[in-house]
Amino acid sequence: MWSKQWKSVVGLEIHAQINTESKLFSGAENKFGGPTNTQVSLFDAAFPGTLPVLNKGCVEAGVLTALALRCTVNKVSKFDRKHYFYADLPAGYQITQQRQPLAVKGYVDYCISDKNNFQTKTANITQIQLEQDSGKSLHDEKDKISLIDLNRCGTGLMEIVTEPDFSDGTDASAFVKELQKILQTIQTCDCKMEEGSLRVDANISVHKPGERLGVRTEVKNLNSIKSVSKAISFEVKRQIELLENGGVVENETRSFDTEIDETVPMRDKEVKTDYRFMPEPNLPPLHLFDNESVKTVASKISVINIDDIQQKLPPLPEDTRKRLEQQYCLKRRDVAVLVDNSGLVDYFEEVMRLSPTTNAKLVSNFIINQLLGVLNDKKFTIHNCPVTTDDFGRLIDLVQTEEISYSTSYKVLDEMFEHPNITPEDIVEQKDWRQISDTQVLTNICEKVLEEHPKIIAKYRKGKLKYLHTLVNKAVIDSNNKGNPRILKQIMEDLLDNK
Ligand SMILES: Nc1ncnc2c1ncn2[C@@H]1O[C@H](COP(=O)(O)OP(=O)(O)OP(=O)(O)O)[C@@H](O)[C@H]1O
Ligand SMILES: [Mg+2]
Ligand SMILES: [Mg+2]
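Each value, and the rule that gives it
Residues numbered from 1 in each chain as written. Chains lettered and ligands numbered in written order. Predicted model: local features only at pLDDT ≥ 70, side-chain atom pairs only at ≥ 80, totals over all residues. Heavy atoms only, no water. Donors = N, O, S within 2.8 Å, 3.2 Å for Na, K, Ca; no water. Helix = DSSP H or I, 4+ residues; strand = E, 2+ residues; numbered from the N terminus. Buried < 20%, exposed > 50% of the residue type's maximum accessible area, 1.4 Å probe, protein only. UniProt positions renumbered as here; feature names shortened; annotations may be inferred. Pairing = 2+ DSSP bridges. Tetrahedral: all angles 85-135°; square planar, octahedral: opposite > 155°, others 65-115°. Near = heavy atom within 4 Å. Polar contact = N/O pair within 3.5 Å; in protein donor to acceptor, adjacent residues only side chain to side chain. Nonpolar A, V, L, I, M, F, W, Y, C, P; charged D, E, K, R; others polar.

Enquirer: An account of the coordination of the magnesium ion (ligand 2) is requested, with residue identities and associated values reported.
Expert: Donor atoms from the polypeptide that bind the magnesium ion (ligand 2) are Glu13 (OE) and Glu159 (OE), placed at 2.1 Å. A separation of 3.8 Å is found between the magnesium ion (ligand 2) and the magnesium ion (ligand 3), which share Glu13 as a coordinating residue. Linking Glu13 in strand S1 (residues 7–17) with Glu159 in strand S10 (residues 156–162), this pair joins segments that are 146 residues apart in sequence. Residue classification places Glu159 among the buried positions, given a relative accessible area of 8%.

Following this line, the structure appears as structure tokens:
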């Protein structure tokens, strides 16, 4: 009931680990899961006298990401120190970009789909900044000690901040999925949320329509798409109940407890942190160039040209969706499924290339309704699918030319998985699954059905069309499921009309 009186608003801060060999300011290796404290340079451990050296690869990845998210890349950005004291941050400050970030003002189109609802929405990106990741505290509950692993300390992060453009957990999680696909396409982050290489902070508030945005809480470190959606739903409900009962929402940091599916206040909530931001004195402003300004530079060795990076931008998921819609006249809902599953677009297009006369809608239906299901059941992925695109196209041709029925094609596909060396034509031959289209044979079957069911005919005469289907189904069964249903329906109708 309350949902009509309240509007919820969500903005996201996403930390994406940059996919580079080494860290943002040091040459230490950047890899997940190494033995503790084996990927730590003196700089990462904050030894006095060590200095940051900016990793060009991280900047290039940041620029490519910014362009993919349609941001304006700042020609000059700056690094700042953000101070806080925590054991996993040995320097006592994080180098980030507070005053002038790498990029600003972008947007992402993303799709929302469930059974009843399919739509495309747009989320605006406020900014992207480069910053260091912290180390990890490991708590040994048994011996009551905490240990530090600095392997992650200093890894390059892109913090991607969105405008408060989402209305609920469904929106926000669909956006995160799209962002994952984009970053994986451009390979700037592997987006393994379970390994922490993509982490989401959700800022959530509620207000009454027409009023100002409410006070936000921030739920930190959500590490799965499900958690993003569940944490936001819980938090919206909690805030509304609190306000309905005369309480106030505090601007606090919370975490999501996946055991109970609830958000809980973080321990540091009482402390209002003063980060004492200051410019990082050991790093000069970061200058980027374009085709015009690069002409003025004498040595091009360490120069980063935004226009060069723009050239490297591959087609993004939304570009692919639009192209498939136009090129093959497919529905957006279907195109979204193809793009959602890695490798399916390539498989689809290969089938189309090998048999260009095949109906594209039929191919996408076969992939979505049949192939995906069998792959899941038999624990395959499209990448190790035993059915070649050539054989798959031929299976579809068998249906298109009415050699076999649509329902038989399921059985043929199943056999093709079991016996990848046998062609679909041979399977149909061996199993005697060829569809009967001979009109004389089918007329005989229909006549027999009509003789045996005068009552159904009477009902059909009263104008209930569904009884035609009943009669046709009976004929299909009498034909051992081999009669061509389209022709059987035609014959049945003709016979009924002439009786
Ligand atoms: N009233 C609101 N309700 C929901 N979200 C909001 C509201 N106001 C701002 N936001 C969102 O909160 C986020 C603020 O992120 P930002 O990085 O600017 O600040 P921060 O959370 O204070 O900083 P930090 O990086 O230290 O967490 C943005 O995603 C923004 O869209
Ligand atoms: Mg932030
Ligand atoms: Mg924040």
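Enquirer: With reference to specific residues and values, describe the UniProt feature "domain: Asn/Gln amidotransferase" (unreviewed entry) in the protein.
Expert: In the numbering adopted here, UniProt assigns the feature "domain: Asn/Gln amidotransferase" (unreviewed entry) to residues 346–496. Here residues 346–496 is 71% helix and 0% strand, with 48 Å between the C-alpha atoms at its ends.

Enquirer: How would you explain the pairing of strand S8 (residues 136–140) if you had to name every residue and give the values?
Expert: As paired elements, S8 and strand S9 (residues 145–149) share five bridges and run antiparallel to each other. Across the sheet, Leu138 pairs through a bridge with Leu147, a residue of S9. Hairpin geometry of S8 and S9 is characterised by an intervening segment of four residues between the two adjacent antiparallel strands and by a positive phi of about 55° at Lys144.

Enquirer: Can you tell me about the coordination of the magnesium ion (ligand 3), naming the residues and giving the values?
Expert: Binding of the magnesium ion (ligand 3) to the protein goes through Glu13 (OE), Glu13 (OE), Glu218 (OE) and Glu218 (OE), at separations of 2.1 to 2.7 Å. Taken together, the six donor atoms surrounding the magnesium ion (ligand 3) define angles of 52 to 161° at the centre, an arrangement classified as irregular.

Enquirer: Can you explain the site of ligand 1? Please cite residues and give values.
Expert: Within the structure, ligand 1 sits among 17 residues, and Glu13, Lys82, Thr162, Pro164 and Ser205 are positioned closest to it. A distance of 3.3 Å separates an oxygen atom of ligand 1 from a polar atom in the backbone of Leu12. One of the backbone N or O atoms of Thr162 is found 2.7 Å from an oxygen atom in ligand 1. Of all the elements, S1 adds the most residues to the shell around ligand 1, at four residues. Looking at the shell around ligand 1 residue by residue, the classes come out as five nonpolar, five polar and seven charged.

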